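Structural characterization, general
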Protein chains: 2
Amino acid sequence: MTRWPLPDPMKLALELARAAAGAGEVPIGAVVVKDGQVIATAHNAPRAQRDPTAHAEVLAIRAAAAALGQERLDGCDLWVTLEPCAMCAGAIVHARLDRVYYAASDAKGGAVEHGARVFEQPTCLHRPEVYSGMGEAEAADLLRTFFRERR
Amino acid sequence: MTRWPLPDPMKLALELARAAAGAGEVPIGAVVVKDGQVIATAHNAPRAQRDPTAHAEVLAIRAAAAALGQERLDGCDLWVTLEPCAMCAGAIVHARLDRVYYAASDAKGGAVEHGARVFEQPTCLHRPEVYSGMGEAEAADLLRTFFRERR
């Protein structure tokens, strides 16, 4: 059997998630792509940075905005290994990202297809296209292993 | 008639909102208080910082975490001039703030009593006490004036 290959940005996001786990952070990675080029990468880092907002998505969005020198990321896509939480979904809206690709869904903390469902609110100012599932087994396995080892 | 005086942290948040307007940013200010002491202040700054996540609340939370050298703001309260959006409400949850005081409500962008209602989600990991309305006329007037002058 040949398993369908993951798109490169999701492979990179999974590598970043692995690096997060190695650093003692919850393994979540994120990548921002514009015109086929990776312009920002980040992994979860709230412990190292002592910053509760330092989720992979927020860090990648901030790095992408800094790289482009602009507040809005029109024309950019975000690839992330886990369904974004309310904070990160809100940041995606403010950044005006075109598309969001996430691997594993998150019934507990997710706010895209669960909980606050940020993009589905009638008042939501910007709705990215959302695609999920690519790499979900790999992403979920990283999280399971991380939490099992810490129990 | 004597108008009931605003608590000092809300007065300070309103001053920060005024400073934001003076800098060409949407006038919203935020203050973090611990044990009666102001440990962080910020105003909205996404334009100046070219960062879509640079809302007053996120900046104040990050500054407070940096000041305390810890990821979580247990025992801290946030005072902000406008109802937090989904991103900021999510950041408040992750920061584990004890209490949130906000002045004006925001039917369009708010996510506390409107829209995503982040703290009311069954999956919400931490629910701060929330108090609203103190200084709402002042906060709303700052916003109205700001947007009227730019129309």
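Residues numbered from 1 in each chain as written. Chains lettered and ligands numbered in written order. Predicted model: local features only at pLDDT ≥ 70, side-chain atom pairs only at ≥ 80, totals over all residues. Heavy atoms only, no water.

The name given to chain A in an unreviewed UniProt entry is tRNA-specific adenosine deaminase, with Novosphingobium cyanobacteriorum as the source organism. Reading the Subunit (unreviewed entry) entry of the UniProt record for chain A gives the comment "Homodimer." (UniProt positions renumbered as here; feature names shortened; annotations may be inferred.)

The next thing to look at is the UniProt feature "domain: CMP/dCMP-type deaminase" (unreviewed entry) in chain A. Feature annotation in UniProt places "domain: CMP/dCMP-type deaminase" (unreviewed entry) on residues 4-113 of chain A, given in this structure's numbering. Along residues 4-113 of chain A the backbone is 38% helical and 24% strand, and the end-to-end C-alpha distance reaches 25 Å. (Helix = DSSP H or I, 4+ residues; strand = E, 2+ residues; numbered from the N terminus.)

On to the sheet that holds strand β4 (residues 99-104) of chain B, then. Residues and elements named next belong to chain B. With respect to topology, five strands assemble into an open sheet ordered β2-β1-β3-β4-β5, the strand pairing being mixed. Sheet topology places β2 (37-43) and β5 (129-132) at the edges, where each strand pairs with a single neighbour. Sheet twist, expressed as the average angle between the axes of neighbouring strands with direction ignored, equals 15°. Here strand β3 (residues 76-82) pairs with β4 via five bridges, running parallel. Its bridge partner lying in β4, W79 is registered against Y101. The sheet contacts of helix α1 (residues 8-22) involve β1 (29-34), β2, β3 and β4, and relative to β1 the element is tilted by about 150°. Each of β1, β2 and β3 is contacted by helix α3 (residues 56-68), which is oriented at about 140° to β2, the strand it contacts most. (Pairing = 2+ DSSP bridges. Axes fitted to C-alpha atoms, helices over the stretch in contact; angles between N-to-C directions. Contact = heavy atoms within 4.5 Å.)

A few words now on the pattern of salt bridges. For the structure on display, the rule yields 12 salt bridges over all chains. With its nearest N and O atoms 2.9 Å apart, the salt bridge here joins R62 of chain A to D51 of chain B. Pair noted here: R62 of chain A is in helix α3 (residues 56-68) and D51 of chain B is in the loop between α2 (46-49) and α3, and the two residues belong to different chains. Its salt-bridge partner being R144 of chain B, residue D141 of chain B comes within 4.0 Å of it at the nearest N-O pair. Here R144 of chain B and D141 of chain B lie together in helix α5 (residues 136-150), a separation of three residues that amounts to about one turn. (Salt bridge = Lys/Arg side-chain N within 4 Å of Asp/Glu carboxyl O.)

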